[in-house]
Amino acid sequence: MRGSFEGPALAQRDSQSGLLPQDARIRGKERIPNRVYREQWQLLASEILNWPLSVVKLCVSRSILSCPRAGSGCSSPLHVPGCESQDREEKYGESKSKHNCAQLVPAIGFTSQEDRPFSKHFVILLKMPNMQKIVLWPESPGQELSSKTVEVKARSLPMELSEKGGVQNNGFVQNEDFEDKETATSSQEEMPKTCSVDVDPLAVEEIVLKPYAGMPKEVLLQFSSQARYRVTREILFWLVIAGSVVLVCATIAIIALSPKCLDWWQASPIYQIYPRSFRDSNMDGNGDLKGIQEKLDHITYLNIKTIWITSFFKSPLKDLGYGAEDFYDIDPIFGSMTDFENLIAAIHDKGLKVIMDFIPNHTSDKHRWFQLSRNRTGKYTDYYIWQDCRQAAGSVIPPNNWVSVFGNSSWQFDDVRKQCYFHQFGKEQPDLNFRNPAVQQEILDIIKFWLGKGVDGLSFGTVKFLLEATHLRDEPPVNKSQNGESITAYSQLYHDYTTTQVGLHDIIRSFRHTMNEFSREPGRYRFMGSDDDEKEDIEATMMYYGTTFIQEADFPFNFNLINMKNLSGNSIFEAVNSWMRNMPAGKWPNWAVGSPNVARISTRIGKEYINVMNMLLLTLPGTPVTYYGEEIGMENIASETATLPEKSPMQWDGKINAGFTEGNSSWLPVNSDYQSVNVEIQSTWSNSTLSLYRALTLLRNDELPMNRGWMCHIWNDSNVFVYVRELDGLDRVFMMVLNFGQESTTDLQAIVPNLPSEAVIRLSTHFSNAGKVVNTKLIKTEMGEGLVLEYTTAKPVHTMEAFQGKCFVAEKACYSKALNLLYVNC
């Protein structure tokens with residue numbers, strides 16, 4: 001069979017040197033690995049011949065097709081017998097390039113034996129600028145040689161041609177760059193001569209293909225349509241869909257059944273700092289904001305994540321700074337606004353939160369608002385409460401018998417305005433008129449300012465004093481027989497017209513609404529507390545929680561443990577039970593045993609009770625509040641000023657001034673016991689007050705029953721107060737046995753049915769007892785001793801009928817041991 005090929009003639013080759021004419025040489029590329037070249041060559045052959053890759057591989061293995069390379073034994077990689085050389089010109093675009101037949105490079109190649117082609121199929125590649133011509137020679141076995149050429153867009157083909165003595169076909173190299181010389185002639189393109197070759201057809205055997213690693217897409221598609229692969233694929237597909245649906249449903253169920261996570265103000269104790277007494281950074285004897293920043297590691301050392309800083313507004317420091325001269329500025333004694341911003345950044349960098357004090361009820365008489373009001377300037381005229389006063393015999397007669405918290409009349413005559421202004425506290429602290437909407441808006445703007453600075457919460461103090469009755473009637477005396485003119489003390493009147501007036505809670509809700517605007521960002525809930533001591537009126541205190549549908553404070557601060565007159569197991573029970581019994585359902589309790597306005601625990605009830613009081617504080621349900629220094633058992637200093645003894649400088653170490661300041665003196669004297677009662681030395685003692693405090697905060701953070709479980713009152717008498725903390729689904733129970741009286745022995749088995757006969761002492765105020773096993777029928781405690789007992793039971797106390805009404809839970813949750821998670825539907 002003979003065929004003809006109407007295509008470019010092959011160039012004449014120098015039989016001696018094997019060189020191509022100079023204009024036919026092609027710039028070579030670096031050689032690529034044979035394996036990569038072979039794979040690319042086979043893929044190209046499969047595509048051009050439209051044969052399965054497996055057929056190409058089989059033909060190669062049988063030498064029907066071969067991959068040409070230098071030294072392959074061919075007499076000439078470009079030699080095809082019967083072809084004669086002929087140059088031709090082709091025109092591409094505006095340029096002319098002379099192409100020699102020698103530029104015909106076998107893309108699939110052939111083997112040769114005695115200058116005779118062994119391959120029955122030839123595919124020849126003609127590379128030209130921006131185009132490749134691929135010629136099948138012949139197109140298929142048994143056909144005449146075809147003059148048909150197939151034009152293919154230029155693609156990356158491995159090719160390697162060197163500029164040595166001739167052109168060697170060393171394989172494919174990607175992205176060949178051809179430099180064609182310009183010619184001056186513009187002659188017509190000559191048609192190449194016909195090149196005749198003898199071709200013997202060879203039928204390609206039918207091949208049974210099997211899947212193999214690395215097979216191309218074309219082969220893969222042939223197998224993918226087979227039933228055994230298609231069914232398997234569909235089964236896997238639907239299994240994945242079903243698994244995804246199950247996973248989504250399980251996730252939704254877990255989210256729906258999971259209890260609400262404790263917020264940051266619930267999960268950690270709060271550490272209250274009086275900034276002027278915490279740490280002095282500039283040696284002027286006064287604590288400051290930089291000093292707080294220097295001691296943040298102490299907060300984290302205590303396992304505490306929330307700091308409460310009392311008032312630091314610019315102020316004349318009357319009433320220790322609670323009458324602000326400027327709500328938008330820092331008092332210079334504490335630093336600058338830059339210092340405050342740096343402190344906030346440092347607190348947040350350590351993963352801590354900060355609450356600040358805000359007293360909206362009154363300002364200083366140095367405040368700009370008051371100065372404008374006393375001069376009747378514009379809208380500021382009614383920013384304060386002004387009333388006409390009568391004058392008789394050279395003295396001022398106030399409008400009524402209202403008395404200030406500090407004693408004497410709550411009305412003060414102003415010589416500039418010629419009227420009396422109202423003050424619930426000192427005469428230097430005039431009350432704002434909250435019945436004026438402009439005043440309310442001023443306070444809301446102040447709230448927004450500090451929240452915008454990054455404060456995480458605000459504690460609003462003295463809020464029960466925000467409104468007064470407009471009728472100005474005299475308040476009823478406690479002793480009706482007492483002469484009205486002799487009434488000068490705050491305790492001598494019932495304050496029906498100057499506290500907790502109608503409309504008060506509407507104002508507090510407006511505070512809450514403003515804070516909620518800053519709580520929309522995930523993880524940035526803004527805490528709101530109210531710091532008012534209603535003392536005997538517990539129901540009035542509970543109103544600050546708000547209602548089920550309208551939220552006010554997250555919690556009003558609890559002064560029950562501070563206001564106890566006598567310390568005993570019974571009085572502790574009354575203080576705890578009073579709060580838990582009256583707290584609205586679903587609300588969160590809090591506890592405090594110290595504050596800037598009451599004597600310290602060691603001074604108030606005795607230093608032997610400091611450890612057991614801390615144990616009570618940190619094991620009750622809710623948020624504990626620790627006043628700075630209580631973690632080491634600091635005591636009051638001797639002072640003639642009633643409000644200063646509990647504000648003595650923090651005792652950091654045994655150096656001069658207890659490490660509070662490096663200056664020569666401090667604004668208040670340091671307690672004389674600072675060499676033995678300080679942070680540095682107690683951190684090295686395993687049985688110190690500080691070590692116990694840290695162990696208790698760690699227990700609270702690590703154990704679920706301590707975090708959010710039930711609290712059940714077990715027993716109380718004049719000496720001991722006993723209660724348990726437990727969680728539904730968890731068989732581990734913690735029982736607190738706290739002694740606030742004298743040495744005592746308690747039979748707990750007689751009180752609690754099914755109580756295990758033995759329990760392990762998890763923590764004790766006497767550190768040597770920790771880890772011991774005790775008999776629950778005979779629990780001995782000494783004066784001021786506290787025990788945290790741990791035992792396991794299948795019958796928790798809160799499920800026992802005998803203790804119904806004695807158990808309380810704030811954020812109810814149940815524990816699943818199988819899934820190791822909490823859920824709500826117990």
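What you see is a predicted model, and the numbers here were worked out from it, not measured in a lab. (Residues numbered from 1 in each chain as written. Predicted model: local features only at pLDDT ≥ 70, side-chain atom pairs only at ≥ 80, totals over all residues. Heavy atoms only, no water.)

Draft legend 1. Looking closely at the overall build of the protein chain. In terms of regular secondary structure, the protein chain is built from 18 helices and 36 strands. Counting across all 826 residues of the protein chain, residues that qualify as buried make up 52%. When contacts within the protein chain are restricted to residue pairs at least 6 apart in sequence, those whose partners lie at least 24 apart make up 68%. A total of about 38100 Å² of accessible surface is found on the protein chain, and carbon and sulfur atoms cover 50% of it. (Helix = DSSP H or I, 4+ residues; strand = E, 2+ residues; numbered from the N terminus. Buried < 20%, exposed > 50% of the residue type's maximum accessible area, 1.4 Å probe, protein only. Contact = heavy atoms within 4.5 Å. Areas by Shrake-Rupley, 256 points an atom, 1.4 Å probe, with all protein chains shown as cover.)

Draft legend 2. A look at the packing of aromatic side chains. Taken as a whole and judged by the stated rule, the model has 40 aromatic pairs. Taken together, a centroid distance of 5.4 Å and an interplanar angle of 40° make the contact between Phe312 and Phe340 tilted. With Phe312 in the loop between strand S12 (306–309) and strand S13 (313–314) and Phe340 in helix H8 (residues 337–349), this residue pair connects regions lying 28 residues apart in the sequence. Judged by relative accessible area, Phe340 falls into the buried class, the value being 2%. Over the ring of Trp652 we find Lys295; its NZ or CZ atom is 4.4 Å from the centre of that ring. (Phe/Tyr/Trp six-rings, centres within 6.5 Å; stacked < 30°, edge-to-face > 60°. Lys NZ or Arg CZ within 6 Å of the ring centre and 35° of its normal.)

Draft legend 3. The nonpolar core, seen in detail. Counting residues in each nonpolar core, the largest one holds 129 residues, and the members touching the most others are Ile447, Trp450, Phe511 and Leu616. Among the nonpolar cores identified, the runner-up in size contains 23 residues, and Met735, Leu789, Met800 and Phe803 belong to it. (Core = buried A, V, L, I, M, F, W, Y, C linked by side-chain atoms within 4.5 Å.)

Draft legend 4. Looking closely at the state of the cysteines. Taken as a whole and judged by the stated rule, the model has two disulfides. A sulfur-sulfur separation of 1.7 Å characterises the disulfide bridge that pairs Cys389 with Cys420. Here Cys389 is found in the loop between strand S16 (386–387) and strand S17 (390–392), whereas its partner Cys420 is found in strand S20 (residues 419–422), with 31 residues between them in sequence. Each member of the pair Cys389 and Cys420 is classed as buried. Paired through a disulfide, Cys712 and Cys807 show a sulfur-sulfur distance of 2.0 Å. (Disulfide = S-S within 2.5 Å.)

Draft legend 5. Molecular detail of unusual backbone geometry. Phi angles above zero are rare outside glycine, and Asn657 is one such case at about 60°. Positive phi, close to 60°, is recorded for Ala658, a residue that is not glycine.

Draft legend 6. Seen up close, helix H17 (residues 689–702). Between its terminal C-alpha atoms H17 stretches 20 Å, which fits the 20 Å expected from 14 residues at 1.5 Å a residue. Three or more residues of H17 are buried, namely Thr689, Leu690, Ser691, Leu692, Tyr693, Leu696, Thr697, Leu699 and Arg700. (Expected span 1.5 Å × (residues − 1).)

Draft legend 7. Spatial organisation of the side chain of Asn400. Mapped onto the fold, Asn400 is located in the loop between strand S18 (395–397) and strand S19 (411–414). Side chain to side chain, Asn400 and Trp411 meet in a polar contact 2.8 Å long. (Polar contact = N/O pair within 3.5 Å; in protein donor to acceptor, adjacent residues only side chain to side chain.)

Draft legend 8. Highlighting the pairing of strand S22 (residues 527–531). Taking burial as the measure, the five residues of S22 include four buried ones, the bulk of the element. Note: strand S21 (residues 457–461) against S22, five bridges, orientation parallel. When the bridges of S22 are listed, Gly457 appears paired with Phe527. Taken together, S21, helix H11 (residues 504–517) and S22 form a β-α-β motif whose crossover is right-handed. Pairing analysis gives two bridges linking S22 to strand S23 (residues 555–556), with the strands arranged parallel. (Pairing = 2+ DSSP bridges. Right-handed = clockwise from strand over helix to strand, strands pointing away.)

Draft legend 9. Inspection of the pairing of strand S15 (residues 353–358) at higher detail. Counting buried positions along S15 gives six out of six residues, so the element sits mostly inside the fold. Note that S12 and S15 share four bridges and pair parallel. Its bridge partner being in S15, Ile309 is matched across the sheet by Met356. Direction of pairing for S15 relative to S21: parallel, over a ladder of four bridges. Paired with Asp357 across the strands is Ser459, a residue of S21.

Draft legend 10. Quick look at the sheet that holds S20. Reading across from one edge, S16-S20-S19 is the order of the three strands in this open sheet, with antiparallel pairing throughout. With one partner strand each, in any of the chains shown, S16 and S19 form the two edges of the open sheet. Where S19 lies against S20, four bridges are found, and the strand directions are antiparallel. Counted as the bridge partner of Phe413 is Cys420 from S20.

Draft legend 11. View of the packing of helix H10 (residues 437–452) against H11. Relative orientation of the contacting elements H10 and H11 amounts to 30°, with a least axis distance of 10 Å. Considering the angle they form, H10 stands roughly parallel to H11. Read as a crossing pair, H10 and H11 show a hand that is right-handed. Contact residues: Gln440, Ile443, Leu444, Ile447, Lys448 and Leu451 in H10; Ile507, Ser510, Phe511, Thr514, Met515 and Glu517 in H11. (Axes fitted to C-alpha atoms, helices over the stretch in contact; angles between N-to-C directions. Parallel < 35°, antiparallel > 145°, perpendicular 65-115°, else oblique. Left-handed = near helix turned anticlockwise from the far one by under 90°.)

Draft legend 12. The pattern of salt bridges, seen in detail. Applying the stated criterion across every chain, the model contains 20 salt bridges. Across the pair Lys607 and Glu635 runs a salt bridge whose closest N-O atoms are separated by 3.1 Å. Taken together, the residues Lys607 in the loop between helix H14 (601–604) and helix H15 (610–619) and Glu635 in the loop between strand S25 (623–627) and helix H16 (679–682) connect sequence positions 28 residues apart. You can call Lys607 exposed: its relative accessible area is 53%. (Salt bridge = Lys/Arg side-chain N within 4 Å of Asp/Glu carboxyl O.)

Draft legend 13. Seen up close, the sheet that holds S22. In space, the eight strands of this open sheet follow the order S23-S22-S21-S15-S12-S11-S25-S24, with parallel pairing throughout. Across the chains shown, the open sheet's two edge strands, defined by having one partner strand only, are S23 and strand S24 (590–592). Across the sheet, H10 touches S15 and S21, and the angle it forms with S15 is around 155°. On the sheet, H11 packs against S21 and S22 and is oriented at approximately 155° with respect to S22.

Draft legend 14. Molecular detail of a nonpolar patch on the surface. A grouping of Val231, Ile235, Leu236 and Leu239 is seen on the molecular surface, where their side chains present a nonpolar patch of about 380 Å² in accessible area. Along the chain, Ile235 turns up in helix H4 (residues 227–257). (Patch = residues over 30% accessible without salt bridge, like charges linked within 9 Å, V, L, I, M, F, W, Y side chains within 5 Å.)

Draft legend 15. Seen up close, the environment of Val396. By the secondary structure assignment, Val396 is in strand S18. Not counting chain neighbours up to four residues away, the residues in contact with Val396 comprise Cys389, Arg390, Gln391, Phe413 and Cys420.

Draft legend 16. Quick look at the side chain of Arg725. Tracing the sequence through the fold places Arg725 in strand S27 (residues 720–726). Although Arg725 lies buried, it forms no salt bridge, and the closest oppositely charged side chain, Glu726, sits 9.0 Å away as judged by the N-O distance. Engagement of the side chain of Arg725 in a polar contact is seen with the backbone oxygen of Pro705, the distance being 3.0 Å. At 3.4 Å, the side chain of Arg725 and the backbone oxygen of Met706 are in polar contact. (Lys, Arg positive; Asp, Glu negative; His and termini not counted.)

Draft legend 17. Geometry of the environment of Ala802. On the secondary structure map, Ala802 appears in the loop between strand S33 (786–792) and strand S34 (807–808). The sequence separation of Ala802 and Pro753 amounts to 49 residues, and the corresponding C-alpha distance is 9.0 Å.

Draft legend 18. The arrangement of the packing of H15 against H17 in detail. Viewed as axis vectors pointing N to C, H15 and H17 meet at an angle of 15°, and their least axial separation amounts to 10 Å. Judged by the angle between their axes, H15 and H17 are roughly parallel. Crossing of H15 over H17 shows right-handed handedness. Across the interface between the two elements, Ile610, Asn611, Asn614, Met615, Leu618 and Thr619 of H15 pack against Thr689, Leu692, Tyr693, Leu696, Thr697 and Arg700 of H17. In terms of residue class, the contact of H15 with H17 is built from six nonpolar, five polar and one charged. (Nonpolar A, V, L, I, M, F, W, Y, C, P; charged D, E, K, R; others polar.)

Draft legend 19. Representation of the environment of Arg390. Relative to the helices and strands, Arg390 resides in strand S17. With 30 residues separating them in the primary sequence, Arg390 and Cys420 have C-alpha atoms 9.5 Å apart. Among all residues touching Arg390, those that are not within four sequence positions of it are Ser395, Val396 and Ile397.

Draft legend 20. Geometry of the confidence of the model for the protein chain. In this model, the protein chain carries a mean pLDDT of 80, and residues with pLDDT of at least 70 account for 76%. Scored below 50 in pLDDT, residues 68–206 makes 348 contacts in the model with residues more than four places away or belonging to other chains. (pLDDT = per-residue confidence, 0-100.)

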